[in-house]
Amino acid sequence: SNVGDENKNTVIIDTRGSGYAKKGHMPNAIHLPYSQIATPTNALKIQPVSMLKKLFEDRGIDYLDPTMKIILSCGSGV
């Protein structure tokens, strides 16, 4: 979980590749590789909403909480 009350409703999702799941992981971030967010046939297109919901739910992310801030980071600032 995130440190401090100001961050309790903020989730950082580390979207870097699977190689970062164990090494180079960002502290307090949840690992979800972009390759799972994008469709298999087009990296510029994201999965259907039902798939994104499952990916979030599997990681314990409460995307329905209106106060939740979800930040996706690729590690390069792009």
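Residues numbered from 1 in each chain as written. Predicted model: local features only at pLDDT ≥ 70, side-chain atom pairs only at ≥ 80, totals over all residues. Heavy atoms only, no water.

A. Quick peek at helix 2 (residues 49–58). The complete set of buried residues in helix 2 reads Leu52, Leu55 and Phe56. The arc that holds the buried residues of helix 2, viewed along the axis, is 95°, so those residues lie on one side. Exposed residues on helix 2 whose side chains face more than 90 degrees from its buried face are Ser50 and Asp58. Those residues of helix 2 that are buried are in contact with strand 1 (10–14), helix 1 (34–37), strand 4 (42–46) and strand 5 (69–73). Looking one or two residues beyond helix 2, the residue adopting positive phi is glycine 60, at roughly 75°. (Buried < 20%, exposed > 50% of the residue type's maximum accessible area, 1.4 Å probe, protein only. Helix = DSSP H or I, 4+ residues; strand = E, 2+ residues; numbered from the N terminus. Arc of directions from axis to C-beta. Contact = heavy atoms within 4.5 Å.)

B. Local environment of the pattern of salt bridges. Counting across every chain of the model gives two salt bridges. For aspartate 14, the salt bridge is made with arginine 16, and the minimal N-O distance between the two is 2.9 Å. Grouping residues by exposure puts aspartate 14 and arginine 16 together as buried. A salt bridge links aspartate 58 to lysine 54, with the shortest nitrogen-to-oxygen separation between them at 2.9 Å. Of this pair, aspartate 58 and lysine 54 are both found in helix 2, four residues apart, which corresponds to roughly one turn of the helix. Overall, the relative accessible area of 45% leaves lysine 54 in the partly exposed class. (Salt bridge = Lys/Arg side-chain N within 4 Å of Asp/Glu carboxyl O.)

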